[in-house]
Amino acid sequence: MLAVAVHARADGDSTAVGVLRRGEPFTASVTDGAWLHVTTASGITGWVDDGDLRRDDGLRSN
């Protein structure tokens with residue numbers, strides 16, 4: 001996986017506000033069920049499904 005969608009809300013049907021690319025650092029602040037609220041190194045803030053974050057893909061939290 002090269003990137004995962006960053007959503008406006010903790011819902012896969014919500015608008016994608018950006019992407020979290022493989023290897024891009026991010027900070028995580030809160031969780032909502034299976035969703036993680038993140039801010040990417042490029043300044044995008046939103047929600048990602050933590051099931052999409054796999055260490056072997058290089059997507060990792062700071």
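Residues numbered from 1 in each chain as written. Predicted model: local features only at pLDDT ≥ 70, side-chain atom pairs only at ≥ 80, totals over all residues. Heavy atoms only, no water.

**Student:** How should I be thinking about the overall build of the protein in this particular structure?
**Tutor:** When its secondary structure is counted, the protein shows 0 helices and 5 strands. Counting helices and strands in the order they occur from the N terminus, the protein gives β-β-β-β-β. For the protein, the proportion of its 62 residues judged to be buried stands at 31%. Residue pairs at least 24 apart in sequence account for 39% of intrachain contacts in the protein once pairs closer than 6 positions are excluded. Roughly 3,700 Å² of accessible area belongs to the protein as shown, and the carbon and sulfur atoms make up 47% of that amount. (Helix = DSSP H or I, 4+ residues; strand = E, 2+ residues; numbered from the N terminus. Buried < 20%, exposed > 50% of the residue type's maximum accessible area, 1.4 Å probe, protein only. Contact = heavy atoms within 4.5 Å. Areas by Shrake-Rupley, 256 points an atom, 1.4 Å probe, with all protein chains shown as cover.)

**Student:** Looking at this model, I keep getting lost on the nonpolar core. Mind explaining?
**Tutor:** A general feature of soluble globular proteins is that nonpolar side chains tend to end up buried together. Counting 8 residues, the largest nonpolar core is built from Val4, Val6, Leu20, Phe26, Leu36, Val38, Val48 and Leu53. Secondary-structure elements contributing two or more residues to this core are β1 (3-7) and β4 (35-40). (Core = buried A, V, L, I, M, F, W, Y, C linked by side-chain atoms within 4.5 Å.)

**Student:** Just to check I follow, could you spell out the confidence of the model for the protein for this structure?
**Tutor:** Keep in mind that low pLDDT regions are not for reading the predicted coordinates in detail. Overall, the prediction assigns the protein a mean pLDDT of 86, with 84% of residues at 70 or greater. Per-residue pLDDT, averaged within each element of the protein, yields its smallest value for strand β3 (residues 26-32) (91) and its largest for strand β5 (residues 45-49) (96). (pLDDT = per-residue confidence, 0-100.)

**Student:** Sorry if this is basic, but what is going on with the environment of Ala3 here?
**Tutor:** Considering the arrangement of structural elements, one finds Ala3 in strand β1. With 20 residues separating them along the chain, Ala3 and Gly23 place their C-alpha atoms 9.0 Å apart. Apart from the residues lying within four places of it in its own chain, the contact partners of Ala3 are Val19, Leu20, Arg21 and Arg22.

**Student:** Would you explain the environment of Val17 in this entry?
**Tutor:** Along the polypeptide, Val17 turns up in strand β2 (residues 16-21). The class of Val17 is partly exposed, set by a relative accessible area of 42%. For the pair Val17 and Gly46, spaced 29 residues apart in sequence, the C-alpha to C-alpha distance is 7.1 Å. Those residues in contact with Val17 that lie beyond four places of it in its chain are Val6, His7, Ala8, Ile44 and Thr45.

**Student:** Can you help me understand the side chain of Thr40 in this one?
**Tutor:** Here Thr40 shows up in strand β4. Ignoring anything within four residues of it in the chain, the contact list for Thr40 reads Val6, Val19, Leu20, Glu24, Pro25 and Phe26.

**Student:** Before we go on, may I ask you to explain the environment of Ala34 in this structure?
**Tutor:** When you line up the elements, Ala34 lands in the loop between β3 and β4. Residue Ala34 is classed as partly exposed on the basis of its relative accessible area of 40%. The sequence separation of Ala34 and Ala10 amounts to 24 residues, and the corresponding C-alpha distance is 8.4 Å. Ignoring sequence-local partners within four residues, the contact set of Ala34 consists of Val48, Asp49, Asp50 and Gly51.

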